[in-house]
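Spelled out, the chains give:
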Amino acid sequence: MYDLIIRNGKVVDAQQEVMADVAVRGGKIAAVGTGLDADATEEIDAAGLIVFPGGIDPHVHFNEPGRADWEGLETGTRALAAGGVTTFFDMPLNSSPPVLNVEAFEAKAAAAREKSLVNAYFWGGLVPGNLGELKGLHRCGVIGFKAFMSNSGIDEFPAADDYTLYEGMRIAADLGALVAVHAENDGICGALAHRAVAAGKVSARDYLESRPVVAELEAIQRAILYADITGCRLHIVHVSSGAGIDLVKAARARGVDVTCETCAHYLVLTDEDVVRLGAVAKCAPPIRSQAEQDALWKHVLAGDVQMVTSDHSPAPMALKQGDNFFSIWGGIAGCQSTLPLLITEGYHGRGMSLREVAAVTSTRAAARFDFDNKGRIVAGADADLALVDIDSHWTLAAEDLQYRHKVSPYVGMEMRAQVMWTLVGGRTVWAS
């Protein structure tokens, strides 16, 4: 007797694509097979649906405690569930106080236990002055340490200078921990921004031009160098350029333990969209040209990109207003749409395989962050699953969004995939 059987769906993860039933007992996948001859307390008919492993989003900003008016755990995780995501890793900088020590970690973990609909994990911060806190954070179970190589926008979370980044990587290597970096050269971006603003050049196009690809490439190279020397496990977040992926790919080929992610917004929007949409599409690194998007897609389709994440970073609309594009809060609300967008633009639009969709949204993140029980649909794995209709046609409306602020650059886009069920430990957390 099972708790649940999902029948008649097509089971897809990075290793398989097969018609099968999935049986669940005690929050775990108990069996996967064709025509399971068994009874269950509950059954779901998944005919015509794809059964994916639940999504893992290693890059969200839910801001609680302290800035839940930007986005909180309740609304943020409901949006994740609506997008087929069952596990998230929350970034350390936007909560108040930031997750720079054990006390701040415990406050965030307590909030998640009370409010999160899905599995919650947390990054710790790596900033000047908190090197002595890293061991304690590691003992608490942080997923890794996040450092900014440029201005984070949060005064309490300053950029890591070279000493802090190098020494932090050395400590992380001793702990067996992973360091993630926002890789942009602060000197280049800061000077170009200052020059533009001083000249009164404060449009969206001026902002885009102040953060050139070279700033990303230099920072990626520097982070890879430090990781290679220290033996630290490194993850480059939100890579926005094909040349950035090239650097990571080359480093991996010579044995550096480095992975990278790109984000859905770099794969579906261009600089022209930023100019057209305005603040809702502002982020850093910025959304780039059609040529850069094509280069990113080439790497995604080749399997060179380990993860596609959302970098969900919303803010109240009051912070997204104004004539000076430099002073507007930069962050895109998108964690509900990553999987539907990848299926729409990747599978339907560019011939991406469903197995590769599963790989970049779940399986490879599970492997990189040492979750042996996630990212696969096999007996013994957690019953974290997303059931998706990949043949639907619908247009995303603001009222569909589960965010605290119902704003996203994806509103108005036609989607060719819809999440119908999301299950965490075999328990339904979203049903469309």
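Look a little higher up for the structure.
Please read all numbers here as calculations on a predicted model, not as lab measurements.

Novice: Quick question: what am I supposed to make of the packing of helix α4 (residues 162-175) against helix α7 (residues 213-230) here?
Specialist: Describing two packed helices takes the angle between their axes plus the distance from one axis to the other. For the pair α4 and α7, interaxial distance at closest approach is 9 Å and the crossing angle is 40°. In terms of their interaxial angle, α4 and α7 are classed as oblique. For α4 against α7, the interelement crossing comes out right-handed. Judged by residue contacts, Asp162, Leu165, Tyr166, Met169, Arg170 and Ala173 of α4 engage Arg222, Ala223, Tyr226, Ala227, Ile229 and Thr230 from α7. Taken together, the residues of the contact of α4 with α7 break down into eight nonpolar, one polar and three charged.

Novice: What's the story with the packing of aromatic side chains in this structure? I'm lost.
Specialist: For any pair of aromatic rings, geometry is given as the distance between the ring centres together with the angle between the planes. Evaluated as defined, the whole model comprises twelve aromatic pairs. Relative to Phe371, the ring of Tyr121 lies with its centre 4.8 Å away and its plane at 65°, an arrangement referred to as edge-to-face. With Tyr121 in strand β8 (residues 119-122) and Phe371 in the loop between α13 (354-368) and β15 (385-389), this pair connects stretches of sequence that are 250 residues apart. The exposure class of Phe371 is buried, given its relative accessible area of 11%.

Novice: I keep staring at the nonpolar core and nothing clicks. Help me out?
Specialist: General note: in soluble globular proteins, nonpolar side chains tend to be found buried as a group. Among the nonpolar cores identified, the biggest contains 102 residues, and Phe52, Met169, Val181, Ile236 and Tyr410 are the most heavily contacted of them. Per-element accounting of this core gives the leading share, six residues, to α7. The contact partners of Phe52, leaving out residues within four places of it in the chain, are Val12, Leu339, Ile343, Leu354, Val357, Ala358, Ile377, Asp384, Leu385, Ala386 and Val388. Trp123, Phe148, Leu178 and Ala365 belong to the second largest nonpolar core, which has 22 residues in total.

Novice: Got a minute to help me understand the environment of Asp13 in this structure?
Specialist: Structurally, the position occupied by Asp13 is in strand β1 (residues 2-13). Here the alpha-carbon distance between Asp13 and Ile377, two residues 364 residues apart in the chain, equals 6.5 Å. Here Asp13 is in contact with Pro53, Arg355, Ala358, Thr363, Gly375, Arg376 and Ile377, once residues within four sequence places are set aside. A polar contact of 3.0 Å, which involves the side chain of Asp13, links it to the backbone nitrogen of Gln16.

Novice: Would you mind showing me how to read helix α11 (residues 290-302) here?
Specialist: Within an α-helix, residues lying three or four positions from one another point in the same direction, as the helix has 3.6 residues per turn. In this model, α11 (13 residues) spans 18 Å end to end at C-alpha, consistent with the 18 Å of a helix rising 1.5 Å per residue. Burial in α11 covers these residues: Glu292, Gln293, Leu296, Trp297, His299 and Val300. Down the axis of α11, the buried set is contained in an arc of 160°. They therefore lie on one face. Along α11, the residues that are exposed and aim more than 90 degrees away from the buried face are Ala291, Lys298 and Ala302. As for α11, its buried residues are in contact with α7, α8 (242-253), β13 (258-263), α9 (264-268), α12 (338-350) and α13.

Novice: What is the right way to look at the sheet that holds strand β14 (residues 307-309) in this model?
Specialist: Working definition: the strands of a sheet are paired by backbone hydrogen bonds and lie parallel or antiparallel to each other. Strand order in the open sheet made by the six strands is β9-β10-β11-β12-β13-β14, with parallel pairing throughout. Edge positions in the sheet fall to β9 (124-125) and β14, since each has one partner strand and no second. Here four bridges tie strand β11 (residues 178-182) to strand β12 (residues 233-236), and the two strands are oriented parallel to one another. Bridging across to β12, Val181 finds its partner in Ile236. Packed on one face of the sheet, α8 meets β12 and β13 and runs near 160° to β13.

Novice: I keep staring at the pairing of β12 and nothing clicks. Help me out?
Specialist: On any regular strand, side chains alternate: one points to one face of the sheet, the next to the other face. The alternating pattern of β12 places Arg233 and His235 on one face and Leu234 and Ile236 on the opposite face, and all of these are buried. Judged from the three bridges that link them, β12 and β13 form a sheet pairing that is parallel. Along β13, the bridge assignment pairs Leu234 with Val258. A crossover connection joins β12 to the parallel β13 through α8; in handedness this β-α-β unit is right-handed.

Novice: Got a minute to help me understand the environment of Lys249 in this structure?
Specialist: Its location among the elements puts Lys249 in helix α8. Owing to a relative accessible area of 44%, Lys249 belongs among the partly exposed residues under this scheme. Separated by 248 residues in the primary sequence, Lys249 and Met1 have C-alpha atoms spaced 47 Å apart.

Novice: I'm lost on the packing of α8 against α11 in this one. Help?
Specialist: Taken N-terminus to C-terminus, the directions of α8 and α11 make an angle of 35°; their axes are 8 Å apart at the nearest point. Contacts from Gly242, Ile245 and Asp246 in α8 reach Glu292, Ala295, Leu296 and His299 in α11. Grouping the amino acids of the contact of α8 with α11 by side-chain chemistry returns three nonpolar, two polar and two charged.

Novice: Hey, could you run me through the sheet that holds strand β6 (residues 55-60) in this one?
Specialist: Taken in spatial order, the three strands line up as β6-β7-β8 in an open sheet, and their pairing is parallel. With one partner strand each, in any of the chains shown, β6 and β8 form the two edges of the open sheet. Taking each pair of neighbouring strands and ignoring which way they run, the sheet shows an average axis angle of 20°. Of the strand pairs in this sheet, strand β7 (residues 85-90) and β8 are connected by four bridges, and their pairing is parallel. Across the sheet, the residue bridging to Asp90 is Phe122, located in β8. Sheet contacts for helix α1 (residues 73-82): β6 and β7; angle to β7, the most-contacted strand, approximately 135°.

Conventions we followed
- Residues numbered from 1 in each chain as written.
- Predicted model: local features only at pLDDT ≥ 70, side-chain atom pairs only at ≥ 80, totals over all residues.
- Heavy atoms only, no water.
- Axes fitted to C-alpha atoms, helices over the stretch in contact; angles between N-to-C directions.
- Helix = DSSP H or I, 4+ residues; strand = E, 2+ residues; numbered from the N terminus.
- Parallel < 35°, antiparallel > 145°, perpendicular 65-115°, else oblique.
- Left-handed = near helix turned anticlockwise from the far one by under 90°.
- Contact = heavy atoms within 4.5 Å.
- Nonpolar A, V, L, I, M, F, W, Y, C, P; charged D, E, K, R; others polar.
- Phe/Tyr/Trp six-rings, centres within 6.5 Å; stacked < 30°, edge-to-face > 60°.
- Buried < 20%, exposed > 50% of the residue type's maximum accessible area, 1.4 Å probe, protein only.
- Core = buried A, V, L, I, M, F, W, Y, C linked by side-chain atoms within 4.5 Å.
- Polar contact = N/O pair within 3.5 Å; in protein donor to acceptor, adjacent residues only side chain to side chain.
- Expected span 1.5 Å × (residues − 1).
- Arc of directions from axis to C-beta.
- Pairing = 2+ DSSP bridges.
- Right-handed = clockwise from strand over helix to strand, strands pointing away.

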